[in-house]
Amino acid sequence: MSASTSSLRIAVVGHTNAGKTSLLRTLLQQRDFGAVEQTPSTTRDVLEQGVWLEQQQVMSFYDTPGLESGEELYALLENYRQQHRHDGPTQVEQFLQSTEAQGYFNQEAKVLRQLLQSDAAFYVIDSREPVLQKFQDELHVLSRCGKPLLPVLNFTASPHSRQQEWQQALAKVNLHAVVAFDTVSPPEGGEQQLFTSLTTVLPSAQQPLQKLLAQRQQQRQQRYEQSLHAIAQLLIDVSKLQLRIPASVDESTLNQHVSELRHRIRTREQQTVQELLTRFAFLTSDAELAAIDVEQGEWREDLFADATLKAWGKDAGFGVGAGAAAGAGIDLLVGGMSLGAATALGAAAGGLYQSWRYFGDKIKQKMTGERVLQIDSVTLVTLVGRQLLLLQQLSKRGHAATEALRIDAQAIQQQRLSRSEAKELEQMLAPLRERLPDINESKLATELVQWLGSVSRT
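Predicted model, so just to flag it, every value in this text is computed and none were measured.

Q: What am I meant to see in the overall build of the protein chain here?
A: On a plain count of helices and strands, the protein chain comes out with 17 helices and 12 strands. Expressed as a percentage of the 458 residues in the protein chain, the buried residues total 52%. Partitioning the contacts of the protein chain with sequence separation of at least 6, the portion at a separation of at least 24 is 71%. Of the roughly 20,700 Å² of accessible surface on the protein chain, a fraction of 46% belongs to carbon and sulfur atoms.

Structure below.
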């Protein structure tokens, strides 16, 4: 470690747009750290961010400007080799005192100055780039600082990744400890592999990094369990939502009440989305679950749209609400008898109720002067699937990701409840939906959390 401080000092270096800031966003779990853009030289100055463990700073990361003139700088440093042939750090120090370091190579000078002051560095490489001479020259320049370098291959999940080529090229300059770490979609256990590899080039970092990894694992488990509690509370709250209206209201008024209940359910779901995003330190814009467009693969289709209910509730086949997959997503209770939105009202396009002329006198006689509107079973299944899929994606998402969450038909299929699971959910929530007395909501929440954990594909 550095003699001036007990915390590790790790510089993050590399070519312009290699993903240095993106790596730090993911490691720091800070979606808004620094600036990530496709234009060159987004980071103009060195940015420091500390990492704390048990109220003590154990590490500092330094986000440095991108290297752009590696070939020219390599040629310039060759001029210092005659005087300081086997002393790379002194060569770099001589360069930093030159007029070139204050002018044309000002950006590269900031990088080298920080590297000299650090204990080690992550050398971030865009693995989609071909192995060019300019990158090899950058490596030779950085190695003259005499500090351990750990190459980090970014964007390895891309189909254009040249991971094998880079590993071979790095081995030729005696850099064998190479980590593949896609900052947008970090691999399972990627953080642990990255920090473990760091200890191979910097043994003094082993103890604090082991403690940090243990803390991160505990935090991940806590986030997961807290998220399940949030989803369980969502199910409880929406199951309790009911609107009681006179049986004599006309179709237009009935539609208004249905719209009101839908709005309350949407709003409550969005609150849970925000809670999950906050727990995982993502921004509100990272998921738009007010909406999932199944065909376009984005989180943009309304909860009550036919395509959404069909995608998530298809073949759920449980309860009287099963037919609502093509309907309004709201059950109508007439005289205490649930008919299901689609069954009772013909599943009109857009979820609007059709005329009562479709129902015979026998059903009309069951009216007792009051109707009750509540969420139907298939919509509950849809809520569960959407929230568990969101939890799954947030658990795997890197904080460098800049596009809103996307899903596809396969993801829905994997997270959709089976018939037996759907029936279990209906049975657990039935007391709430039927307004039975003496319901222990705390106990129900605990049971729901355990059940959600068992059906989650996370």
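And the narrative resumes.
Q: Even after reading the chapter, I still don't get the confidence of the model for the protein chain, so can you show me in this structure?
A: Atomic detail in the predicted coordinates should be set aside for any region of low pLDDT. In the predicted model, the protein chain carries a mean pLDDT of 77, and 74% of its residues have values of at least 70. When mean pLDDT is taken per element in the protein chain, helix 17 (residues 441-455) scores highest with 95 and helix 12 (residues 341-345) scores lowest with 34. Across residues 1-5, where pLDDT falls below 50, the model places eight contacts with residues more than four positions away in sequence or in other chains.

Q: I tried to follow the packing of aromatic side chains on my own but got confused; where do I start?
A: What characterises a pair of aromatic rings is the spacing of the ring centres plus the angle enclosed by the ring planes. For the coordinates displayed, the defined rule picks out four aromatic pairs. Taken together, a centroid distance of 6.1 Å and an interplanar angle of 75 degrees make the contact between Phe95 and Phe105 edge-to-face. With Phe95 in helix 3 (residues 88-96) and Phe105 in the loop between helix 4 (99-102) and helix 5 (106-116), the pair connects residues that are 10 residues apart, well separated along the chain. Like Phe105, Phe95 is buried. One aromatic cluster in this structure is built from Phe95, Tyr104 and Phe105. The ring of Phe155 carries the charged tip of Arg128 above its face, separated from the ring centre by 4.0 Å.

Q: Is there a simple way to explain the packing of helix 9 (residues 206-240) against helix 17 in this structure?
A: Packed helix pairs are characterised by how far apart their axes lie and by the angle those axes make with each other. Following both chains from N to C, one finds helix 9 and helix 17 inclined at 125 degrees, their axes separated by 9 Å at the closest point. It follows that helix 9 is oblique to helix 17 by the angle criterion. When the axes of helix 9 and helix 17 are compared, the crossing they make is right-handed. Contacts between helix 9 and helix 17 involve Tyr224, Leu228, His229, Ile231, Ala232, Leu235, Ile236 and Lys240 from the former and Glu441, Leu444, Ala445, Leu448, Val449, Leu452 and Gly453 from the latter. Its residues assigned to classes, the contact of helix 9 with helix 17 shows 11 nonpolar, two polar and two charged.

Q: Please clarify how the sheet that holds strand 1 (residues 8-14) should be interpreted in this entry.
A: On the basis of which strands lie adjacent, the open sheet formed by six strands has the order 2-3-1-4-5-6 and mixed pairing. A strand with exactly one partner marks an edge of an open sheet, and here the two such strands are strand 2 (47-53) and strand 6 (179-180). Alignment of strand 2 against strand 3 (residues 56-63), held across seven bridges, turns out to be antiparallel. Its bridge partner being in strand 3, Leu53 is matched across the sheet by Gln56. Contacts from helix 6 (residues 133-143) reach strand 1, strand 4 (120-126) and strand 5 (149-154), with the element oriented near 175 degrees to strand 4.

Here is what the cut-offs are and how they apply
- Residues numbered from 1 in each chain as written.
- Predicted model: local features only at pLDDT ≥ 70, side-chain atom pairs only at ≥ 80, totals over all residues.
- Heavy atoms only, no water.
- Helix = DSSP H or I, 4+ residues; strand = E, 2+ residues; numbered from the N terminus.
- Buried < 20%, exposed > 50% of the residue type's maximum accessible area, 1.4 Å probe, protein only.
- Contact = heavy atoms within 4.5 Å.
- Areas by Shrake-Rupley, 256 points an atom, 1.4 Å probe, with all protein chains shown as cover.
- pLDDT = per-residue confidence, 0-100.
- Phe/Tyr/Trp six-rings, centres within 6.5 Å; stacked < 30°, edge-to-face > 60°.
- Lys NZ or Arg CZ within 6 Å of the ring centre and 35° of its normal.
- Axes fitted to C-alpha atoms, helices over the stretch in contact; angles between N-to-C directions.
- Parallel < 35°, antiparallel > 145°, perpendicular 65-115°, else oblique.
- Left-handed = near helix turned anticlockwise from the far one by under 90°.
- Nonpolar A, V, L, I, M, F, W, Y, C, P; charged D, E, K, R; others polar.
- Pairing = 2+ DSSP bridges.

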